[in-house]
Amino acid sequence: MAKKKGVLIYKCNSCGNTQPRWLGRCPECSEWNTFEECLINPSEKKANSDSNDWIMQKPVKLSSVNPMDGDRIFTGINEFDRVLGGGAMKHSAILIGGEPGIGKSTLLLQTAAAISNRKTENTVLYVSGEESAGQIRSRADRLNIPSENIHILCTSKLEDIENALNTLNPIFCVVDSIQTIFTPEAGIVPGTINQLKYCANELITWAKEHPCVLMLVAHITKEGIIAGPKSLEHMVDTVISFEKNNDDVRFLRAQKNRFGSIDELGLFSMQEKGLIPIEDPSSMFITQRSSSLPAGVAIVPVFEGSRVFLVEIQALTVPAKANVTRVYSEKIDFARVSRVAAVLEKSLGLRFSDQDIYINVAGGIRLTESAIDGALSAALYSARTSIPLSESTAIIGELSLAGEIRPVQKIKQRVKTALSLGFEKILCPEKDDNAILCTDIKSLVKILFKNS
Ligand code: TYD
Ligand code: MG
């Protein structure tokens, strides 16, 4: 019998990782007993092996390596570019997750159009495993975006996508969504984690070896966990989440980014003509009122990435119905709320320990900075005493357990933005010509609630 020609390698049937010898546990996806023998001929080996373009045989000096930084493409949508760390890096894979209907397909079709229109040689491929070409064309028409330079492929077969990638060599490829892609190589059942990892790995490997940005769309469950695609997070370079608040505002945020910070927030509003970037969001988290502020409301300038937003914190206190009091706070960590309330009780003798406390943040933005402590104290004090703050007041500072208000980073920028939006009474724990110095909770109450 003729001996089969080829090289014996071992391939993980979960994620497609290849190894020269059998291993009990896959170093890529950490699954056990997934390696199977696989005979390939040497010419295939290079194409099949994992991301081999950047794997080196010998070490070199880091200083002799060209940095990847110049290798970005700008999507042309500023809010998106900012979240990506200044554009999308070529040879990289980005996972974008969000609930169904949030606007992932809309955003990526707009992005595909923006990239393909910048230069005619920018080939863009949009793969859809969920919608027909006609549906995508209708969306493009509704969004009024030119579609001449966007290549569409409606399929769920991995092999079709690989063929299209090799033929077109796109610089930007969207796969919408990765959960719909299937290959018989990874078993006969569609929709399994094995299928997901295998298909993603093949596509990511292709992107690593070519100057292409690969966008994998993933649906997430209501609880916010990327179902199934959570297991892809370690395989991609960037993970972006797309969320919304109660209105039609959409938040774009990086959860992991190998090529930039994860602090930046992208803001869009979903309108008839698609997603419109919100150019100046600094005052969008303040409720516009015709009358004066109600009790329990205080405003703080917070940093989200490189930008300052003025945000309204709302507090409500009611006598507890049971012996155990509770803090209801979704957008600010309830431990922070409890701590600030405890400091107020101790320093001012104002009782919170028999109250249920409700905290909300206008616009649904989540606040994690310690710089919000001062405004949170003022909102709580105002809610408990029913004395409202004056409209043009903003408060900056972190509260210590001893009742001191301490400086936070970038105070000058916060004060400047508050001033530009018409705030006149700005309390901050550092000397500033345009602000009122306030370094402890007792003076904060004195300045803000003089009549008390
Ligand atoms: P879509 O991008 O299909 O969401 P996803 O891909 O995340 O499931 O967006 C669907 C929603 O967006 C749908 O409810 C309609 C709305 N929409 C608009 O309001 N304006 C538009 O221009 C478009 C295209 C969609
Ligand atoms: Mg979609």
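Residues numbered from 1 in each chain as written. Chains lettered and ligands numbered in written order. Predicted model: local features only at pLDDT ≥ 70, side-chain atom pairs only at ≥ 80, totals over all residues. Heavy atoms only, no water.

Draft legend 1. Spotlight on the packing of aromatic side chains. Following the criterion strictly, the structure yields five aromatic pairs and no others. An angle of 10 degrees between the planes, with centres 6.2 Å apart, marks the rings of Phe-251 and Phe-285 as stacked. Of this pair, Phe-251 sits in strand β12 (residues 249-257) while Phe-285 sits in the loop between β14 (274-277) and β15 (297-304), and the two are 34 residues apart along the sequence. The class of Phe-251 is buried, set by a relative accessible area of 6%. Residues Tyr-328 and Tyr-358 carry aromatic rings whose centres are separated by 4.6 Å and whose planes lie at 10 degrees to one another, so their mutual orientation is stacked. Pair noted here: Tyr-328 is in strand β17 (residues 327-329) and Tyr-358 is in strand β18 (residues 355-361), with a separation of 30 residues, a long-range link. An aromatic cluster of three or more residues is present, and its members are Phe-251, Phe-285 and Phe-309. (Phe/Tyr/Trp six-rings, centres within 6.5 Å; stacked < 30°, edge-to-face > 60°. Helix = DSSP H or I, 4+ residues; strand = E, 2+ residues; numbered from the N terminus. Buried < 20%, exposed > 50% of the residue type's maximum accessible area, 1.4 Å probe, protein only.)

Draft legend 2. Seen up close, the pattern of salt bridges. Within this structure, the stated rule accounts for 12 salt bridges. A salt bridge links Glu-79 to Arg-82; its shortest N-O distance comes to 2.9 Å. Taken as a pair, Glu-79 and Arg-82 lie in helix α2 (residues 78-84) at a separation of three residues, close to a single helical turn. Given the relative accessible area of 24%, Arg-82 is considered partly exposed. (Salt bridge = Lys/Arg side-chain N within 4 Å of Asp/Glu carboxyl O.)

Draft legend 3. Summary view of the packing of helix α7 (residues 334-348) against helix α8 (residues 373-385). The N-to-C vectors of α7 and α8 enclose an angle of 65 degrees; their axes lie 10 Å apart at closest approach. Put simply, α7 runs roughly perpendicular to α8. Crossing handedness for the pair α7 and α8: right-handed. Contacts between α7 and α8 involve Arg-336, Val-337, Arg-339, Val-340, Ala-341, Leu-344 and Leu-348 from the former and Asp-373, Leu-376, Ser-377, Leu-380 and Tyr-381 from the latter. Of the residues that constitute the contact of α7 with α8, the class distribution is eight nonpolar, one polar and three charged. (Axes fitted to C-alpha atoms, helices over the stretch in contact; angles between N-to-C directions. Parallel < 35°, antiparallel > 145°, perpendicular 65-115°, else oblique. Left-handed = near helix turned anticlockwise from the far one by under 90°. Contact = heavy atoms within 4.5 Å. Nonpolar A, V, L, I, M, F, W, Y, C, P; charged D, E, K, R; others polar.)

Draft legend 4. How the structure looks around the state of the cysteines. Here the structure, examined in full by the defined rule, presents zero disulfides. The closest cysteine sulfur to the non-disulfide-bonded Cys-428 is located on Cys-438, 9.0 Å from its own sulfur. In this structure Cys-428 comes out as buried when scored by relative accessible area, which is 0%. (Disulfide = S-S within 2.5 Å.)

Draft legend 5. Local environment of the sheet that holds β18. Reading across the sheet, the four strands line up as β15-β16-β18-β17 and stay open at both edges, with mixed pairing between neighbours. Looking at which strands have only one partner, the edges of the open sheet turn out to be β15 and β17. Neighbour-to-neighbour, the strand axes of the sheet open up by a mean angle of 20 degrees, direction not taken into account. (Pairing = 2+ DSSP bridges.)

Draft legend 6. Just helix α9 (residues 411-420), in detail. Among all positions of α9, only Ile-411, Arg-414, Val-415, Thr-417 and Ala-418 are buried. The arc enclosing the buried residues of α9, seen along the axis, measures out at 165 degrees, which places them on a common side. In α9, the exposed residues that point more than 90 degrees away from the buried face are Lys-412, Lys-416 and Ser-420. Elements that come into contact with the buried residues of α9 comprise β15, β16 (307-319), β19 (393-395) and β22 (425-428). At the exit of α9 stands Gly-422, carrying a positive phi of roughly 90 degrees. (Arc of directions from axis to C-beta.)

Draft legend 7. Main features of the packing of α8 against helix α10 (residues 441-448). In contact at an axis separation of 11 Å, α8 and α10 are set at 60 degrees when each is read in the N-to-C sense. As judged from the angle between their axes, α8 and α10 are oblique. Crossing of α8 over α10 shows right-handed handedness. Residue-level inspection shows Gly-374, Ser-377, Ala-378 and Tyr-381 of α8 in contact with α10, the latter providing Ile-441, Leu-444, Val-445 and Leu-448. Counted by class, the contact of α8 with α10 contains six nonpolar, two polar and no charged residues.

Draft legend 8. Structural view of a nonpolar patch on the surface. Judged by side-chain polarity, Met-56, Val-60, Leu-62 and Val-65 come together as a nonpolar surface patch covering roughly 410 Å² of accessible area. Considering the arrangement of structural elements, one finds Val-65 in the loop between α1 (42-48) and β4 (72-73). (Patch = residues over 30% accessible without salt bridge, like charges linked within 9 Å, V, L, I, M, F, W, Y side chains within 5 Å. Areas by Shrake-Rupley, 256 points an atom, 1.4 Å probe, with all protein chains shown as cover.)

Draft legend 9. The arrangement of the environment of Ile-161 in detail. Residue position: Ile-161 is located in helix α5 (residues 158-168). Given a relative accessible area of 0%, Ile-161 falls into the buried group. For Ile-161 and Ala-140, which are 21 residues apart along the polypeptide, the C-alpha to C-alpha distance reads 21 Å.

Draft legend 10. Broad picture of the environment of Gln-57. Secondary-structure assignment places Gln-57 in the loop between α1 and β4. Taking C-alpha positions, Gln-57 is 31 Å from Gly-85, a pair spaced 28 residues apart along the chain.

Draft legend 11. The site of ligand 1, seen in detail. Around ligand 1, a shell composed of 16 residues is seen, among which Gly-101, Lys-104, Ser-105, Thr-106 and Gln-271 lie nearest. In this structure, an oxygen atom belonging to ligand 1 sits 2.5 Å away from a side-chain N or O atom of Thr-106. Note that an oxygen atom of ligand 1 is positioned 2.9 Å from one of the side-chain N or O atoms of Arg-139. For the shell around ligand 1, the secondary structure elements donating two or more residues are α3 (104-118), α4 (133-142) and β13 (265-271). It is α3 that contributes the most residues to the shell around ligand 1, three residues altogether. Looking at the shell around ligand 1 residue by residue, the classes come out as four nonpolar, six polar and six charged. (Near = heavy atom within 4 Å. Polar contact = N/O pair within 3.5 Å; in protein donor to acceptor, adjacent residues only side chain to side chain.)

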